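Chain and residue survey
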Amino acid sequence: MLETIPGVVVAAVIAAALLAYYRLRSGRPARSFADGGTASVTVGLTGTEKPAGLLRWFTTVDHKDIGLLYILFGTAAALWGATDAMMIRTELLVPETAIWNVETYNAVFTTHGFTMLFFFVTPVFTGIANYVLPLLLGADDLAFPRINAIAFWLLPPSLLLVRGGLITDVMGMVLGVLPLDVSALEALEPVGMGWTMYTPLSVEMANPQISVALLGLHLSGVATTMAAINFIVTVLTERPDDLGWDRLDIFSWNILVTSGLILLAFPLLGSTLIMLLLDRNFGTTFFAIEGGGPMLWQHLFWFFGHPEVYILVLPAFGLISLILPKFCGRRLFGFRFIVYSTIAIGVMSFGVWAHHMFATGMDPRLRASFMAVSLAIAIPSAIKEFNWIATMWNGRLRLDAPLICIIGGLSTFVVGGITGVFLAAVPVDLVLHDTHYVVGHFHLIVVGVIPLAMIAASYYWFPLITGRMYNQRLARVQSLLLVVGSFVTFLPLLVLGYEGMPRRYGVYPAEFITLNQIASLGALVLGVSVVLWLVNMVQSARVGPVVRDADVWNLKETGQFTREWQWFEERLEERRDGSTRPESSPERTRAGEDTDSDSDSDSDSGSD
Amino acid sequence: MGSAVDAEGEPNAQRGREHGHGDGHDGDGGHDPPAPDDWPRGFGEASWWPVVTAVGIAGLYFGVALVLLARGEDPLVGRRLPPVVLVGGTAVFLAGLYGWTYHGFVRSYRERAEPAVGDAVDLHWGMVLFLATDVMTFSAGFVYYFFVRTGSWPPGELPPLLSSLVLVNTAVLIASSVTLHVAHEGIRDGHRRRFLALLGLTVLLGLVFVGGQLLEYYELLVVEGTGVTDVFGSAFFALTGLHGLHVGLGVALLSIVFVRALAGQFSAERHTAVSTVSMYWHFVDLVWVILVATLYVGSVA
């Protein structure tokens, strides 16, 4: 490794030069962009509270900036994980391994799982919560702003550690052209033991990258736990005195329960990962046959793993519950029962883990009790679903992109949820375990509900975050494509599972080819949809029409103009007035560099 | 290897000591910029410390990874690089922690207004929640132990665990909890001398415990030749080792509180750090009692 240092130095110099270039470019803030765009009110440059340019993003302790960093990081990870997914679906186009080899296929489904679960979903929801939770509460910031920033900055290195095998291989190829010894880089291969890391496979696989990936997962767990503690303390202590528990908004409730699950699930995973690391490297017996055995790994892993499922989906439920009523012109139906069902899911999620282990030959009495709890957890989920439908009943539905996403999410959740009830039944699970039925079941939720809720949120709050409007027609098309793509991709997997196609194999019998090709076609539709979303976001953030009325969604007429929009309205008014109003002094510089025609006199960015 | 476990403990424990923004539910008093003293200077919402701290922690993890890659007959990396990254990462991490806590709590401690009663509530909650995560951190090891303990027992020859050393160590740790509690009562009632004396005694007792633990490890590993990685050794050394790291961190935190106390930074009205570190110390004490009951007594009972 020491021999490769010259290469590292070269890379560092190049990186520093790039950094300096962008620093130079962004050091002098542009008043307007070449394409006619202007700086926005909310992301716009700031005067005294924050430095300008790149420095601002590295040093920020503002929840809104950190939220954006989280969202950007999570989106980048999502694109990486989606690349893995497209590789999986490409390989499965034909029964034999025509495109990648078996090892690559194993690595790709493993890293797809890690990347999506640990680096896409949770960071994006943490980012959204970072941005809007304090605004919804009416708090200044999160309780611990610096912890918030640390928790974010731990994520990029942990992603590097987890995905190291690929990065080192690429580095090895690049540096290999130089007269350097790159054998160390080439020895680290992408991990291929499956995201559940079952022992003894994960102990015995020789690939040294597995140990590195375990460290990365541990680090990401530390970061996630820090963020969770921050959210809980914020909800508990940073609410204004007039905001009681009875008036807490539904999204904050969901984030609170999610953070509670993280608090208990992730530290246990952390210890379990370290135990596996010790087994791999130092010969301890935690998961060896003579010690705890493979069953101990499965118990510990799924004690984390099942709450993790709800850690992923509860924030999505929160977003759906928050946004849906805004486009129905009605209040959320059964608010209180949705809160109760969220708490019930949170509590019960710790009592269902062994339903992942029905096929291991565990004690039948234990199986029966876990089956009972797993079936019962469908009840609070159904309460949510029915309340959402009741919210839409007799409402004035406005089929804007966020509502399309949400209605699509509600329908995929019906299929994805009910297939879960089937899997919770022991006799059915024994037949369907480890088939594509399982893959179809959970992907209908993790693709059909979670990203749809995120995208609904991205459209709903886009004006608030960027001060601009996105292209609504493109957004509607994109939302529809995403819903259709989810069904086309994952319904065939349910059928394939019934027919007995096992998961985690790159090769399959030729009779399954048609349904697999339909699923791959669906994945292509999903990919197109993601690209359309990305184009819409980037282009609208640059040149979308500037928002002048904070009530973008006509929320005032139905009395749903909530705190975060009121905050946005204040920002807009400040910019229009061009003056600094004392009661909102902290944000007065937010308007910053501003070249809107109606606020050319606005020069407060330099005056204070 | 302990460093990876340790790294989880430290930033979390420091959470309880986060910046002065804690006194900030100012619904009507305007915005309180969270980082007024931090570098870079002059910006209320900018601080270098989070990214420095995170880079340090990342260095620590990369260092551990390199240490693992440097092991074995055919090491992938040279022997010099891993310790450099590990020690460098730890140094940057500690520097980040110091800068953060110094700018957050200490630098303008004197100028800041006396906080109203109950203002440190978020710091207390932070510690409570950290301890909840810590329960789960210990749980995995306990679950392993219970798993093997309920199987065929003993799994091999057990080392002689129940000695006078364990009794003395347990007594020392319980005594330190008592002295810390009385010290805390002392500062709450304004008895500064009693507070200082008993806090100092607590630090001393913590050090004695660490010494006793090291002595026990010496006896077991060198004199008795106990296996570290056999079925019982895995449970024993993982759990006592993790606990020992917690005690070590506790002694460090208590020492910081002691130094700040000597500098006169605590009073009957302001003693948040004393409270949060007390909570941590009592928790570590409780874990030890459970350890003695299950691992020492429970392995032969």
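Here the structure is a predicted model, which means the values were calculated and not measured.

1. Description of the overall build of chain B
- Each helix and strand counted, chain B has eight helices and zero strands in total.
- In chain B, the succession of α and β elements from N to C terminus is α-α-α-α-α-α-α-α.
- When burial is assessed residue by residue, chain B has 53% of its 301 residues classed as buried.
- A sequence separation of at least 24 residues applies to 76% of the contacts in chain B between residues at least 6 apart.
- Accessible surface, chain B: about 12400 Å² in total, of which carbon and sulfur atoms supply 67%.

2. Observations concerning the overall build of chain A
- Each helix and strand counted, chain A has 24 helices and zero strands in total.
- Here chain A holds 608 residues, and 60% of them are scored as buried.
- Sequence-distant contacts, at least 24 apart, represent 79% of the contacts inside chain A between residues at least 6 apart.
- Taken as a whole, chain A presents about 22100 Å² of accessible surface, with 67% of it coming from carbon and sulfur.

3. So, the state of the cysteines
- For the structure on display, the rule yields zero disulfides over all chains.
- No disulfide involves Cys 328 of chain A; its nearest neighbouring cysteine sulfur is the one of Cys 405 of chain A, lying 14 Å away.

4. Some thoughts on the packing of aromatic side chains
- Tallied over the full model, the rule gives 49 aromatic pairs over all chains.
- Over the ring of Trp 57 of chain A we find Arg 56 of chain A; its NZ or CZ atom is 4.5 Å from the centre of that ring.

5. As for the interface of chain A and chain B
- Contacts between the two partners involve 71 residues from chain A and, on the opposite side, 72 residues from chain B.
- Linking chain A to chain B there are zero salt bridges.
- For the side of chain A that touches chain B, the elements supplying multiple residues, two or more each, are helix H2 (53-59), helix H5 (145-153), helix H6 (155-162), helix H8 (183-187), helix H10 (209-237), helix H11 (250-282) and helix H12 (293-323) of chain A.
- Residue contributions to the side of chain A that touches chain B peak at 13 residues, all from H10 of chain A.
- Considering only residue class, the side of chain A that touches chain B consists of 45 nonpolar, 17 polar and nine charged.

6. A word on unusual backbone geometry
All names here are of chain A.
- Cis geometry marks the peptide bond from Thr 199 to Pro 200; its omega dihedral reads 5°.
- Notably, Asn 394 is not glycine yet its phi reads approximately 60°, a positive angle.
- Mapped onto the elements, Asn 394 comes out in the loop between helix H15 (378-392) and helix H16 (401-424).
- Classification of Asn 394 as exposed rests on a relative accessible area of 71%.

7. Describing helix H18 (residues 436-446) of chain A
Residue and element names in this part refer to chain A.
- For H18, a buried count of nine out of eleven residues is recorded, marking the element as mostly surrounded by other parts of the structure.
- Within H18, burial applies to His 436, Tyr 437, Val 438, Val 439, Gly 440, His 441, His 443, Leu 444 and Ile 445.
- Against the buried residues of H18 lie helix H4 (102-137), H12, H16, helix H17 (426-432), helix H19 (450-460) and helix H21 (472-499).
- At the N-terminal boundary of H18, the capping side chain belongs to Thr 435, with an oxygen 3.1 Å from the backbone nitrogen of Tyr 437.

8. Re the pattern of salt bridges
Residue and element names in this part refer to chain A.
- Following the criterion strictly, the structure yields eleven salt bridges over all chains and no others.
- Arg 398 is the partner of Asp 400 in a salt bridge, and the nearest nitrogen-oxygen pair spans 3.4 Å.
- Linked through salt bridges whose partners overlap, the residues forming this network are Arg 398, Asp 400 and Arg 476.

9. A look at the domain arrangement of chain B
All names here are of chain B.
- What the domain assignment lists for chain B is domain 1 (47-112) and domain 2 (116-296).
- One C-alpha centre belongs to domain 1, the other to domain 2; they are set 24 Å apart.
- If you look at the interface, domain 1 gives five residues, while domain 2 gives seven residues.
- Between domain 1 and domain 2, a total of about 560 Å² is buried, with carbon and sulfur atoms accounting for 40% of that surface.
- Connecting domain 1 to domain 2 are zero salt bridges.
- Along the contact surface separating domain 1 from domain 2 lie zero residue pairs in polar contact (both at pLDDT 80 or more).
- In the side of domain 1 that touches domain 2, the residues fall into three nonpolar, no polar and two charged.

10. A word on the UniProt feature "transmembrane region" (unreviewed entry) in chain B
All names here are of chain B.
- UniProt records the feature "transmembrane region" (unreviewed entry) for residues 48-69, 81-102, 123-148, 160-183, 195-215, 235-259 and 280-298 in the present numbering.
- Secondary structure content for residues 48-69 is 95% helix and 0% strand, and the end C-alpha separation is 31 Å.
- Counted over residues 195-215, helix gives 100% and strand 0%. Its end C-alpha atoms are 30 Å apart.

11. Topic: the domain arrangement of chain A
Residues and elements named next belong to chain A.
- Domain assignment breaks chain A into domain 1 (63-313) and domain 2 (548-608).
- Distance between the C-alpha centres of domain 1 and domain 2: 37 Å.
- With ten residues of domain 1 at the interface, the matching set in domain 2 holds five residues.
- Buried area between domain 1 and domain 2, both sides added, is near 580 Å², and the carbon and sulfur share of it is 60%.
- It is Lys 64, Leu 135 and Leu 136 in domain 1 that bury the most area against domain 2; as a group they hold 71% of the surface buried on that side.
- The interface formed by domain 1 and domain 2 holds zero salt bridges in total.
- Broken down by element, the residue count for the side of domain 1 that touches domain 2 peaks at four residues, all from H4.
- Classifying every residue of the side of domain 1 that touches domain 2 gives six nonpolar, one polar and three charged.

12. A few points about the UniProt feature "domain: Cytochrome oxidase subunit I profile" (unreviewed entry) in chain A
- Per the UniProt record, the feature "domain: Cytochrome oxidase subunit I profile" (unreviewed entry) sits at residues 57-565 of chain A.
- Taken as a whole, residues 57-565 of chain A contains 71% helix and 0% strand, while its terminal C-alpha atoms sit 24 Å from one another.

13. Regarding a nonpolar patch on the surface
All names here are of chain A.
- Among the surface-exposed residues, Phe 337, Tyr 340, Ile 343, Val 347, Ile 379 and Ile 383 lie close enough to one another that they form a single nonpolar patch of about 580 Å² accessible area.
- If you list the elements that add at least two residues to the nonpolar patch, you get helix H13 (335-348) and H15.
- Counting residues per element, the nonpolar patch draws most heavily on H13, at four residues.
- Looking at the secondary structure, you find Ile 343 in helix H13.
- Assessed through its relative accessible area of 34%, Ile 343 is described here as partly exposed.

14. Some details on the packing of H15 of chain A against H16 of chain A
All names here are of chain A.
- Where H15 meets H16, the closest approach of the two axes is 11 Å, and the angle between their N-to-C directions is 155°. When the interaxial angle is binned, H15 and H16 end up roughly antiparallel. The handedness of the crossing between H15 and H16 comes out as left-handed. On H16, the residues that touch Ala 378, Ser 381, Glu 385, Trp 388 and Met 392 of H15 are Ile 407, Leu 410, Phe 413, Val 414 and Val 421.
- Among the residues forming the contact of H15 with H16, the class breakdown is eight nonpolar, one polar and one charged.

15. A look at the nonpolar core
Residue and element names in this part refer to chain A.
- Phe 118, Met 197 and Trp 461 are the most contacted members of the largest nonpolar core, which totals 258 residues.
- Counting residues per element, this core draws most heavily on H4, at 20 residues.
- Other than its neighbours up to four places away in sequence, Phe 118 contacts Gly 113, Pro 123, Trp 195, Leu 217, Ser 220, Phe 266, Leu 269 and Phe 304.

16. Observations concerning the side chain of Asp 400 of chain A
Residues and elements named next belong to chain A.
- By the secondary structure assignment, Asp 400 is in the loop between H15 and H16.
- Judged by relative accessible area, Asp 400 falls into the buried class, the value being 11%.
- Within the local environment of Asp 400, its side chain forms a polar contact with the side chain of Arg 476, the two groups lying 3.1 Å apart.
- Those residues in contact with Asp 400 that lie beyond four places of it in its chain are Phe 327, Gln 472, Arg 476 and Trp 553.

17. What about the packing of H10 of chain A against helix H4 (residues 121-149) of chain B?
- In contact at an axis separation of 9 Å, H10 of chain A and H4 of chain B are set at 140° when each is read in the N-to-C sense. Regarding the angle of H10 of chain A to H4 of chain B, the classification is oblique. Handedness of the H10 of chain A/H4 of chain B crossing: right-handed. Residues Thr 225, Ile 229, Ile 232, Val 233, Leu 236 and Thr 237 of chain A of H10 of chain A pack against Val 121, Asp 122, Trp 125, Gly 126, Leu 129, Phe 130 and Thr 133 of chain B of H4 of chain B.

Calculation rules
- Residues numbered from 1 in each chain as written.
- Chains lettered and ligands numbered in written order.
- Predicted model: local features only at pLDDT ≥ 70, side-chain atom pairs only at ≥ 80, totals over all residues.
- Heavy atoms only, no water.
- Helix = DSSP H or I, 4+ residues; strand = E, 2+ residues; numbered from the N terminus.
- Buried < 20%, exposed > 50% of the residue type's maximum accessible area, 1.4 Å probe, protein only.
- Contact = heavy atoms within 4.5 Å.
- Areas by Shrake-Rupley, 256 points an atom, 1.4 Å probe, with all protein chains shown as cover.
- Disulfide = S-S within 2.5 Å.
- Phe/Tyr/Trp six-rings, centres within 6.5 Å; stacked < 30°, edge-to-face > 60°.
- Lys NZ or Arg CZ within 6 Å of the ring centre and 35° of its normal.
- Salt bridge = Lys/Arg side-chain N within 4 Å of Asp/Glu carboxyl O.
- Nonpolar A, V, L, I, M, F, W, Y, C, P; charged D, E, K, R; others polar.
- Polar contact = N/O pair within 3.5 Å; in protein donor to acceptor, adjacent residues only side chain to side chain.
- Domains from an automatic or database assignment.
- Buried area = accessible area lost by both parts, 1.4 Å probe.
- UniProt positions renumbered as here; feature names shortened; annotations may be inferred.
- Patch = residues over 30% accessible without salt bridge, like charges linked within 9 Å, V, L, I, M, F, W, Y side chains within 5 Å.
- Axes fitted to C-alpha atoms, helices over the stretch in contact; angles between N-to-C directions.
- Parallel < 35°, antiparallel > 145°, perpendicular 65-115°, else oblique.
- Left-handed = near helix turned anticlockwise from the far one by under 90°.
- Core = buried A, V, L, I, M, F, W, Y, C linked by side-chain atoms within 4.5 Å.

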